[in-house]
Amino acid sequence: MSGVEIAVELVALVVAVLLVTAAARKLDWSAPLCLIAVGVAASYVPGVPEYELDPEVVLLGLLPPLLYATAIRTSLIDFRRNRGPILLLSVGLVIFTTAAVGVVAWLVIPGLPLAAGLAIGAVVAPPDAVAATAVARKVGMPRKLTRLLEGESLFNDAAALVALRTAIAAIAGSVSLVQVGGDFLLAAGGGLVIGFAVGALAALIRTRLEDPVTDTALSLVVPFVAYLAAEAIHGSGVIAVVVAGLILGHKAPSMLSGRSRLASRLNWQTIQFLLENIVFLLIGLQVRRIMTEVGDSGLTAMELVLICAATLAATIVTRIVWMAGIGLARRVFRRHAWPWRYSAVIAWAGMRGVVTLAAAFVLPADTPQRAVLVLVAFVVVAGTLLLHGTTLPVLVRRLKLPPPDPAEDALQEAAVLHDMTRAALEELDKIRTPEDPDDIVERLRSRLQHRSDSAWEELGRQSALSETPSDAYRRLRLRLLEVEREKFLEARDSGMADDDVLRRILERLDIEESMLDREEETVPDSDRELRTPAATAGSCKHLTKEWPAVEPSSPDVCAVCVENGMTWVHLRECVKCGNVACCDSSPGKHATEHFHDTLHPVMRSHEPGETWRWCFVDKQLG
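Residues numbered from 1 in each chain as written. Predicted model: local features only at pLDDT ≥ 70, side-chain atom pairs only at ≥ 80, totals over all residues. Heavy atoms only, no water.

A. How the structure looks around the overall build of the protein chain. Along the backbone of the protein chain there are 24 helices and 5 strands. Dimensions of the protein chain, computed from C-alpha atoms along their principal axes, come out at roughly 90 × 75 × 45 Å. Expressed as a percentage of the 622 residues in the protein chain, the buried residues total 46%. When the accessible surface of the protein chain is summed, it comes to about 31500 Å², and 62% of that surface belongs to carbon and sulfur atoms. (Helix = DSSP H or I, 4+ residues; strand = E, 2+ residues; numbered from the N terminus. Buried < 20%, exposed > 50% of the residue type's maximum accessible area, 1.4 Å probe, protein only. Areas by Shrake-Rupley, 256 points an atom, 1.4 Å probe, with all protein chains shown as cover.)

Right under this line is the structure:
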């Protein structure tokens, strides 16, 4: 095949991925399932080239960057907090699935050795959390469940590939339990050591890089270095990539510049999108070849249907049984257990994906009934994507799981930004010198305070203003940026300035626009009160004091604003005397003025559905 033909085929794959995913989003369908379906249909179209999915290309060329892209976006703090449940899912469940599905396959596939059955069990064991988390974010699944599914997906591939490697060795000859245990410990230990070493070394190097292009280029080779180094010592390349990604993702805020983080984030999101979806399309394009090979197995169509159905059912049931067992064990041993509704959703979020089919092609050519095993893997992937992908949103809605609350998110954001702003203003007072112009210092203060006020303005379900000051600023500045960009285009077209100068100007405009054009979130109606989250709650003596109940001075207005003909953004209530006044984002800032006049230390939100409080003395949220 010539270079031109290869280039044409690659471009065709990318274009097909873009068209299918765009259509799937428009129709609100599962993009992976649509890509597989399109691939299956295309595989039977005359003239479509026969793509052969080389397992080494997937395991070495695609799997490391896919895992790394997920790992750098995973919170190491959340992973540590949930490491127990994650290990139960990513290791315990994989081993249980491998054994259970392996026995079922051994029983239903004629002439299949038990070792080959365990091999297909390992192949179908690891779920693909990408599809599950996509559903989770679309339907508003609790974030704890999303974190568990993401954490599971990081390490279950490693456990499954180690189990597959052991099963393949057993097909070729006898393998003792001691060898199995030794291989597993070597894979896990070697992967951890190499992952920590590569992550630490890469972090040390990237801390010293200032050029975003060089930094991004280095990040592109990290997953491959970690994977190859671990495999060279017979460790788990998957674990090494995940550990290195977790370390670098955790250190990114302190070791990279803002420009480097933006470049890295966008590049890895693009890489992950293309690689994941191209693999799903390639999976579908394999079907014609798979069916041709299955035709030589000597099995009837009815036997193949029964084999695929039994394996698919075993794959689904084992996850349900495992989650039920965990819940029962925790209750028997009086350990803290998450609600049964959470277990039900996790049990049903078992969609398989890229790793399952890649692992199926890893099976040696002399594996008994190899073509049937590959077909089984394909049916499990397509079946779980279809069954779970279409019914998981319904299950989440029926169980009425609490979705993430945008209002609570806004409160957390406001609290963190307030602390950041206060620290920055205190530092400004320390570092300013008599030579620093007063107008520059005041401009810095104003900019910092505006950012903090903007976050507080996101709170409140009702407002006397249809548009907050920050909303108005954003609307007006975006319009001004449009005018500036038009003038920029005139300067470019007329050759008024050098191209390098123009590119620097455009970069400034783009950065400012990206900061302004934030996605607006609508706060859903909720019967729950918006209280301060435990993670951001303060503990000063004024907030912990029991204040007697008092009647608010007004049900829904700031009296001082009304008297002076002013408007307000949100209302606050003094917990000591009940005075209702406007917030600091309002022109009058009468709640703060009330504190300075009376020294009453604590106010609470007077907005409907909010009970969070603020201490003026200690500047604490609680």
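B. How the structure looks around the pairing of strand β1 (residues 571-574). The alternating pattern of β1 places Leu571 and Glu573 and Arg572 and Cys574 on opposite faces, both of which are buried. As judged from the 3 bridges shared by β1 and strand β2 (residues 580-582), these two strands associate in the antiparallel manner. Following the sheet pairing, Glu573 is matched in β2 by Val580. Between β1 and β2, which pair antiparallel in sequence order, lie 5 residues; one of them, Gly578, sits at a positive phi of approximately 85 degrees. With 3 bridges joining them, β1 and strand β3 (residues 602-605) adopt antiparallel strand pairing. Among the inter-strand pairings, Glu573 is bridged to a residue of β3, identified as Arg604. (Pairing = 2+ DSSP bridges.)

C. Seen up close, the side chain of Ser219. With respect to the helices, strands and loops of the structure, Ser219 is situated in helix α10 (residues 212-232). Taking relative accessible area as the criterion, Ser219 reaches 0% and is therefore assigned buried. Setting aside residues up to four positions removed in sequence, Ser219 forms contacts with Tyr68, Arg206, Ser264 and Trp268. (Contact = heavy atoms within 4.5 Å.)

D. Focus on the side chain of Arg477. Relative to the helices and strands, Arg477 is located in helix α20 (residues 469-494). Arg477 sits in the buried class, given a relative accessible area of 14%.

E. Geometry of unusual backbone geometry. With a phi angle near 65 degrees, His234 is a residue other than glycine that sits in the positive phi range. Inspection of the secondary structure assignment puts His234 in the loop between α10 and α11 (237-255). A positive phi angle, close to 55 degrees, is found at Gln369, a residue other than glycine. For Gln369, a relative accessible area of 22% puts it in the partly exposed group.

F. Molecular detail of the sheet that holds β1. Read across the sheet, 5 strands follow the order β2-β1-β3-β4-β5 without closing on themselves; strand pairing throughout is antiparallel. Unpaired on one side and paired on the other, β2 and β5 (620-621) mark the two borders of the sheet. The strands that helix α24 (residues 590-598) touches are β1 and β2; relative to β2, the one it contacts most, it runs at about 120 degrees. (Axes fitted to C-alpha atoms, helices over the stretch in contact; angles between N-to-C directions.)

G. How the structure looks around the packing of aromatic side chains. Tallying each qualifying case throughout the model produces 4 aromatic pairs. Measuring from centroid to centroid gives 4.9 Å for Phe595 and Phe616, while their planes differ by 10 degrees, and the two rings are stacked. Of this pair, Phe595 sits in helix α24 while Phe616 sits in the loop between β4 (613-615) and β5, placing them 21 residues apart in sequence. Exposure remark for Phe616: the relative accessible area of 12% places this residue in the buried category. Directly above the ring of Trp547 sits Lys545, whose terminal nitrogen or CZ lies 4.3 Å from the centroid. (Phe/Tyr/Trp six-rings, centres within 6.5 Å; stacked < 30°, edge-to-face > 60°. Lys NZ or Arg CZ within 6 Å of the ring centre and 35° of its normal.)

H. Main features of the packing of helix α3 (residues 55-71) against helix α8 (residues 143-172). Look at α3 against α8: their axes get within 10 Å of each other, and the N-to-C directions meet at 150 degrees. Taken together, the axis directions place α3 and α8 in an arrangement best described as roughly antiparallel. Two secondary-structure elements touch here, α3 through Leu59, Leu63, Leu67, Thr70 and Ala71 and α8 through Ser153, Leu154, Asp157 and Leu161. When the residues that make up the contact of α3 with α8 are grouped by side-chain class, the tally is 6 nonpolar, 2 polar and 1 charged. (Parallel < 35°, antiparallel > 145°, perpendicular 65-115°, else oblique. Nonpolar A, V, L, I, M, F, W, Y, C, P; charged D, E, K, R; others polar.)

I. How the structure looks around α8. Helix length check: α8 (30 residues) gives 44 Å between terminal C-alpha atoms against 44 Å at 1.5 Å per residue, within 8%. Most of α8 is tucked away, with 21 of its 30 residues classed as buried. (Expected span 1.5 Å × (residues − 1).)

J. Layout of the confidence of the model for the protein chain. Per-residue confidence for the protein chain averages 84 on the pLDDT scale, and 91% of its residues sit at or above 70. Segment residues 461-465 is flagged for pLDDT under 50; beyond a separation of four residues in sequence, or across chains, it makes 21 contacts in the model. Across residues 519-527 the pLDDT falls below 50, and counting only partners more than four positions away or on other chains, this stretch makes 9 contacts in the model. (pLDDT = per-residue confidence, 0-100.)

K. Geometry of the pairing of β3. Here β3 runs beside β4; their pairing, made up of 3 bridges, is antiparallel. Bridge pairing in β4 links Arg604 to Arg613.

L. Expanded view of a nonpolar patch on the surface. On the surface, Val103, Trp106, Leu107, Val108 and Leu114 cluster together into a nonpolar patch covering about 430 Å² of accessible area. A per-element tally of the nonpolar patch places helix α5 (residues 83-108) first, with 4 residues. Take Trp106: it is sitting in helix α5. (Patch = residues over 30% accessible without salt bridge, like charges linked within 9 Å, V, L, I, M, F, W, Y side chains within 5 Å. Salt bridge = Lys/Arg side-chain N within 4 Å of Asp/Glu carboxyl O.)

M. Layout of the pattern of salt bridges. Considering all chains together, one arrives at 18 salt bridges under this definition. Among the ionic pairs, Arg485 bridges to Asp510, the shortest N-O distance being 3.8 Å. Remark: Asp510 occurs in helix α21 (residues 499-516) and Arg485 occurs in helix α20; sequence separation between them is 25 residues. On the accessibility criterion, Asp510 (36% relative accessible area) is partly exposed. In this structure, Glu513 engages Arg485 in a salt bridge whose closest nitrogen and oxygen atoms are separated by 2.7 Å.

N. Spotlight on the packing of α5 against α8. It is the contact of α5 with α8, at a shortest axis distance of 8 Å, that shows an interaxial angle of 40 degrees. Accordingly, the angle class assigned to the pair α5 and α8 is oblique. Here α5 runs over α8; the crossing is right-handed. Contacts between α5 and α8 pair Pro85, Ile86, Leu89, Ser90, Val91, Leu93, Val94 and Thr98 from the former with Arg147, Leu148, Gly151, Glu152, Phe155, Asn156, Ala159, Ala160 and Ala163 from the latter. Class assignment for the residues of the contact of α5 with α8 results in 11 nonpolar, 4 polar and 2 charged. (Left-handed = near helix turned anticlockwise from the far one by under 90°.)

O. Looking closely at helix α13 (residues 287-294). Listed in full, the buried residues belonging to α13 are Val287, Arg289, Ile290 and Val294. Around the axis of α13, the buried residues are gathered within 165 degrees of arc, so they sit on the same side. Residues of α13 that are buried in the fold lie against α2 (31-43), α12 (258-285), α14 (301-332), α16 (354-362) and α17 (370-399). (Arc of directions from axis to C-beta.)

P. Broad picture of the environment of Asp157. Here Asp157 shows up in helix α8. Using a relative accessible area of 5% as the deciding quantity, one classes Asp157 as buried. In sequence terms Asp157 and Leu425 are 268 residues apart; their C-alpha atoms lie 47 Å from each other.

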